[in-house]
Amino acid sequence: TANNALSVNIVGEGGEVPIVQSEWESLTLTPVKYGARIGVTKEMMEDGILDLLSYHAELAGYEFADNEESLIVSALNTASAAASNNVANGNASLAISDITEAMQNLEAGNYQPTHMICGVEIANDLRNIDTFVEADKSRVMDPTKSLIGTIFGMKVMVSNNVSSVLSYVIDAAHAFVIAEKRPLTVERYSDVARDTGFVAVTQRVAVSGLRDEATSEITTT
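Please read all numbers here as calculations on a predicted model, not as lab measurements.

### What to know about the overall build of the protein chain
Looking only at helices and strands, the protein chain features 6 helices and 9 strands. Since a compact globule built from 221 residues should have a radius of gyration of about 17 Å, the 23 Å found for the protein chain marks it as more spread out than a globular shape. Summarising its shape, the C-alpha atoms of the protein chain cover approximately 80 × 50 × 30 Å along the three principal directions. In the protein chain, buried positions account for 35% of the 221 residues. Here the analysis covers contacts within the protein chain between residues at least 6 apart in sequence; of these, 73% occur between residues at least 24 apart. Here the protein chain displays about 13,200 Å² of accessible surface, and carbon together with sulfur accounts for 51% of that area. Distance from the positive charge centre (14 side chains) to the negative charge centre (30 side chains) of the protein chain: 10 Å.

### Some words on the environment of Met 157
If you trace the backbone, Met 157 turns up in strand 5 (residues 154-158). The exposure class of Met 157 is partly exposed, given its relative accessible area of 29%. As a C-alpha pair, Met 157 and His 115 span 42 residues in sequence and 7.6 Å in three-dimensional space.

### Concerning helix 3 (residues 96-107)
The first and last C-alpha atoms of helix 3 sit 17 Å apart over 12 residues, in line with the 16 Å expected at 1.5 Å per residue. When helix 3 is considered as a whole, its buried residues turn out to be Asp 98, Ile 99, Ala 102, Met 103 and Leu 106. For helix 3, the angular spread of the buried residues around the axis is 135 degrees, confining them to a single face.

### Regarding the nonpolar core
Within soluble globular proteins, side chains that are nonpolar tend to cluster in buried spots. By size, the foremost hydrophobic cluster in this structure holds 32 residues, and its most contacted members are Leu 76, Ile 99, Met 116, Leu 126 and Val 169. In contact with Val 169, other than residues within four places in its own chain, are Ala 102, Met 103, Leu 106, Pro 113, His 115, Met 116, Met 154, Ala 214, Thr 215, Ser 216 and Ile 218. Judged by nonpolar contacts, the second largest core, of 8 residues, contains Ile 38, Leu 53, Ala 57 and Val 199.

### Focus: the sheet that holds strand 8 (residues 196-209)
Spatially, the 3 strands line up as an open sheet ordered 1-8-7, and their pairing is antiparallel. At either end of the open sheet lies a strand with only one pairing partner, and these are strand 1 (32-41) and strand 7 (176-191). Going across the sheet, the axis of each strand differs from the next one's by a mean of 10 degrees, ignoring polarity. Relative to strand 8, strand 7 runs antiparallel, the two being bridged by 13 bridges. Paired with Tyr 189 across the strands is Phe 198, a residue of strand 8.

### Quick notes on the packing of aromatic side chains
Scanning the model with the defined rule gives 1 aromatic pair in all. Each ring, one from Tyr 189 and one from Phe 198, has its centre 5.2 Å from the other, and the planes form 10 degrees; the classification is stacked. The buried category is assigned to Phe 198, whose relative accessible area is 12%.

### A look at helix 4 (residues 120-127)
All buried positions along helix 4 are accounted for by Ile 122, Ala 123, Asp 125 and Leu 126. Each buried residue of helix 4 sits inside an arc of 155 degrees when the element is viewed along its axis, so together they form one side.

### Side note on the side chain of Glu 68
Mapping Glu 68 onto the fold places it in helix 2 (residues 52-83). One buried charge, Glu 68, has no salt-bridge partner; the nearest side chain with opposite charge is Arg 182, at 13 Å. Other than its neighbours up to four places away in sequence, Glu 68 contacts Ile 178, Glu 180 and Gln 203.

### Side note on unusual backbone geometry
Glycine aside, negative phi is the norm for most residues, and most peptide bonds take the trans geometry. Despite not being glycine, Phe 152 has its phi angle at roughly 50 degrees, a positive value. Structurally, Phe 152 is set in the loop between strand 4 (147-151) and strand 5. In this model, Asp 195 sits at a positive phi of 55 degrees, which is unusual for a non-glycine residue. Along the chain, Asp 195 falls in the loop between strand 7 and strand 8.

About the cut-offs
- Residues numbered from 1 in each chain as written.
- Predicted model: local features only at pLDDT ≥ 70, side-chain atom pairs only at ≥ 80, totals over all residues.
- Heavy atoms only, no water.
- Helix = DSSP H or I, 4+ residues; strand = E, 2+ residues; numbered from the N terminus.
- Rg over C-alpha atoms; globule rule 2.2 N^0.38 Å.
- Buried < 20%, exposed > 50% of the residue type's maximum accessible area, 1.4 Å probe, protein only.
- Contact = heavy atoms within 4.5 Å.
- Areas by Shrake-Rupley, 256 points an atom, 1.4 Å probe, with all protein chains shown as cover.
- Lys, Arg positive; Asp, Glu negative; His and termini not counted.
- Charge placed at Lys NZ, Arg CZ, Asp CG, Glu CD.
- Expected span 1.5 Å × (residues − 1).
- Arc of directions from axis to C-beta.
- Core = buried A, V, L, I, M, F, W, Y, C linked by side-chain atoms within 4.5 Å.
- Pairing = 2+ DSSP bridges.
- Axes fitted to C-alpha atoms, helices over the stretch in contact; angles between N-to-C directions.
- Phe/Tyr/Trp six-rings, centres within 6.5 Å; stacked < 30°, edge-to-face > 60°.
- Salt bridge = Lys/Arg side-chain N within 4 Å of Asp/Glu carboxyl O.

Okay, structure coming up:
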């Protein structure tokens, strides 16, 4: 990962333009294998109204996505703590000044706040701030969706993997990185001896914080 810094020098007429380069540090990610296997007897497949193998494959897809989201949130939590970018709020509700302070934390490091990822209580606070509820200002179209609108140009999302009283303001291009060696893979096979059909779902992935200063955490009570 680079530190984003290059020196810019004054060059006199006819002078040689100096060679500059950024400093780099290595980041090693070791993908972890995640898996789930579901078996359904042939009798159940014959007698059931639903295609239970397909149903469980779809359910597994949701759970794997939820697991990947939890890995991202864990990386953001670690990054914000390392950067000391926390915004502490002793109140039971979120103030607009907390949002702008978190944005300022990123901008002080030359990062662009692109996303705000909220726990459910923070999301409820936002929905009760008149400034952001008005559709022409927040562009909230469906408050039940994970993307609940935009605030100061940031996409605002709600996640059950974020503590209910926390929120993260991030620059999505720099806050974290995902290394995926095996995308979500679904394989079906049959065990003739058991007269059972199986679906195996696997993924190899790793998530890590990338640049700590690209994440700022907001805490309420």
